[in-house]
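Now for the letters of each chain:
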Amino acid sequence: MKFIKYLLVGILFGIVLTKSEAVSWYRIYEMFHFQSFHMFGIIMTAVVTGTIGLQLFKIGKVKNLDGQPVNLPAKEKGFTGYFVGGVLFGLGWGLVGTCPGPIFILIGAGFWAVGVILLGALVGTYFYGLLKSKLPH
Amino acid sequence: MESIYGTWPWYISGFLIGGVMLLLVYFGKTFGMSSNLRTMCSILGAGKSAEFFRFDWKAQRWNLTVVLGAMIGGFIATHYLTDPQKADTVVLNPHAITELHSMKIDVPDGKLLPDAFTSAEALSDPKVLAVLLLGGLLVGFGTRYAGGCTSGHAITGLSNLQLPSLIAVIGFFIGGLIMSWLLLPLIFN
């Protein structure tokens, strides 16, 4: 039963992303063309909420479920991987309008065509795994 | 009070997404959707040919459970939290409508995704299939190379004031702007 909480969080995530229309190709198009504040508003509100919440965890006001202080691992220093990988992901996001979360959400919502995107994403992930040691990070 | 059947406002949606990230932190985990793609590759046997996929994927079952939940959430939202009588899903800026017409992409009219990408007819077009595959490929390769996607970098990383995440998010937008402004009109003309 310890997995039920993850299932419920996932359901909340799927509903919010669908009802906010962040899963919509049209909303991503609109965002990249600066034609609506909607997506920027969502990301900014999420980051502000997240920043405040994480600060509360960090100063120890809130402990996690196991009663441990929260310590999120810092990202490794670097530039090339973050930037080049980021640009490549952005090209895909701008083309098919789906980041990884929405890929799964849309398939659940019954958009079978997104299965083709998932197939591509799995192949892309696999290619990265094959090439990892040869890529600059 | 707006109806929950319409488009949820950005401030409620953003707050809830931040909340999802914080709940996972509270459970002792971190929010990251693209990691699941790596896990799925491992389950499919990618570890035979690449060291990157040789890890204990069972430790990621919690995240696969989040994915399953997200799929159920997508189903609930489209089937029970959307009013089919009203075409009020995705009301776009009129400029976007004009641009969609010029690219011959159908306007939302109550839909989340264009028929131009998702209808049975579209899927029999090799060009559309190639676009979906290529887009997926870029999403899969790019997120792993960057070490995260919108959830891991834009939401979690920025909230945790991580410089690498800011670099990645700037990359996301540069890639998206190039695609949306320069390449999309070439692909769909």
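The shown structure was predicted, so the numbers you read here are calculated from the model rather than taken from an experiment.

The rules behind these values
Position labels on residues start from 1 in each chain and follow its written sequence. Chains and ligands are labelled sequentially in the order written, the chains with letters from A and the ligands with numbers from 1. Only residues with pLDDT of at least 70 are given local features in this predicted model, and only at 80 or more are side-chain atom pairs given and counted; all residues enter the totals for whole chains, interfaces and linings. Working definition: helices are DSSP H or I runs of at least four residues, strands are E runs of at least two. Numbering for both runs from the N terminus. Once C-beta atoms are placed from the backbone, each residue is buried if 20 or more other C-beta atoms lie within 10 Å of its own, exposed if 12 or fewer, and partly exposed for counts between those two. Whether two residues are in contact depends on their C-beta atoms, placed from the backbone: they are in contact if these lie within 7 Å. Any residue outside Ala, Val, Leu, Ile, Met, Phe, Trp, Tyr, Cys, Pro, Asp, Glu, Lys and Arg is labelled polar, Gly included; the first ten of those are nonpolar and the last four are charged. How far a helix is expected to stretch is found by multiplying one less than its residue total by 1.5 Å. Two axes define the bend at a residue: one fitted to the seven residues ending there, one fitted to the seven starting there, and the bend is the angle between them. Axes here refer to lines fitted to C-alpha atoms; in helices the fit is confined to the stretch in contact. Angles between the N-to-C directions go from 0 to 180 degrees. Relative orientations are named as follows: roughly parallel for angles under 35 degrees, roughly antiparallel for angles over 145 degrees, roughly perpendicular for angles from 65 to 115 degrees, and oblique for any other angle. Crossing handedness is read from the near helix: turned anticlockwise from the far helix by less than a right angle, it gives a left-handed crossing, and turned clockwise, a right-handed one. Along the chain, pLDDT gives the predictor's confidence residue by residue, from 0 to 100.

When helices and strands are tallied, chain B shows 9 helices and 0 strands. Counting helices and strands in the order they occur from the N terminus, chain B gives α-α-α-α-α-α-α-α-α. Here chain B holds 189 residues, and the buried ones make up 47% of them. In chain B, the proportion of contacts linking residues at least 24 apart, taken out of those at least 6 apart, comes to 46%.

Below, the discussion takes up the overall build of chain A. Across its full length, chain A carries 6 helices and 0 strands. Mapped in sequence order, the helices and strands of chain A form the string α-α-α-α-α-α. Oriented by its inertia axes, the alpha-carbon framework of chain A measures out at about 45 × 40 × 35 Å. Every one of the 137 residues in chain A was classed for burial, and the buried ones make up 56%.

Turning our attention to the interface of chain B and chain A. Residue-level contacts link 107 residues of chain B with 99 residues of chain A. Broken down by secondary-structure element, the contributors of at least two residues to the side of chain B that touches chain A are helix H1 (10–26), helix H2 (35–43), helix H3 (61–80), helix H4 (94–102), helix H5 (115–118), helix H7 (126–146), helix H8 (150–159) and helix H9 (163–187) of chain B. Of the residues belonging to the side of chain B that touches chain A, the class tally is 69 nonpolar, 36 polar and 2 charged.

Next up on the list: H9(B). Along its 25 residues, H9(B) runs 34 Å from first to last C-alpha, staying within 8% of the 36 Å computed at 1.5 Å per residue. Of all the bends in H9(B), the largest measures some 40 degrees and sits at B:Ser180. Listing the buried residues of H9(B) in full gives B:Pro164, B:Ser165, B:Ile167, B:Ala168, B:Val169, B:Gly171, B:Phe172, B:Gly175, B:Gly176, B:Met179, B:Ser180 and B:Leu184. The secondary structure elements touched by the buried residues of H9(B) are helix H2 (25–32) and helix H4 (80–96) of chain A together with H7 and H8 of chain B.

Time to look at helix H6 (residues 114–131) of chain A. Compared with an ideal rise of 1.5 Å per residue, which puts 18 residues at 26 Å, H6(A) spans 26 Å between its outermost C-alpha atoms and is within 8% of the ideal. Of the positions making up H6(A), those classed as buried are A:Val114, A:Val116, A:Ile117, A:Leu118, A:Gly120, A:Ala121, A:Leu122, A:Gly124, A:Thr125, A:Tyr126, A:Tyr128 and A:Gly129. The secondary structure elements touched by the buried residues of H6(A) are H4 and helix H5 (100–108) of chain A together with H2 and H7 of chain B.

Take the environment of B:Asn160 next. Relative to the elements of secondary structure, B:Asn160 occurs in the loop between H8 and H9. In contact with B:Asn160, other than residues within four places in its own chain, are A:Leu54 and A:Leu72.

Let us now look at the packing of H5(A) against H3(B). Contact geometry for H5(A) and H3(B): axes closest at 7 Å, N-to-C directions at 50 degrees. One way to sum up the angle between H5(A) and H3(B) is to call them oblique. Here H5(A) and H3(B) pass one another in a crossing that is right-handed. Note on element contacts: H3(B) touches H5(A) through B:Val67, B:Ala70, B:Met71, B:Ile72, B:Gly73, B:Gly74 and B:Phe75, opposite A:Gly101, A:Phe104, A:Ile105, A:Leu106, A:Ile107 and A:Gly108. Looking at the contact of H5(A) with H3(B) residue by residue, the classes come out as 9 nonpolar, 4 polar and no charged.

Glancing now at unusual backbone geometry. One non-glycine residue, A:Glu21, lies in positive phi territory at about 70 degrees. Considering the arrangement of structural elements, one finds A:Glu21 in the loop between helix H1 (4–19) and H2. Taking the number of C-beta atoms within 10 Å as the measure of exposure, A:Glu21 has 24 and is therefore buried. Of note in this structure, B:Leu161 is not a glycine but carries a positive phi near 55 degrees. By the element assignment, B:Leu161 lies in the loop between H8 and H9.

Contact geometry of H1(A) with H3(B) gives a least axis separation of 6 Å together with a crossing angle of 45 degrees. On the basis of their axis angle, the class for H1(A) and H3(B) is oblique. The crossing of H1(A) and H3(B) is right-handed. Classifying every residue of the contact of H1(A) with H3(B) gives 17 nonpolar, 8 polar and 1 charged.

Per-chain confidence: chain B averages 95 in pLDDT, with 98% of residues scoring 70 or above. Both confidence scores are given for the complex: pTM 0.96, ipTM 0.96.

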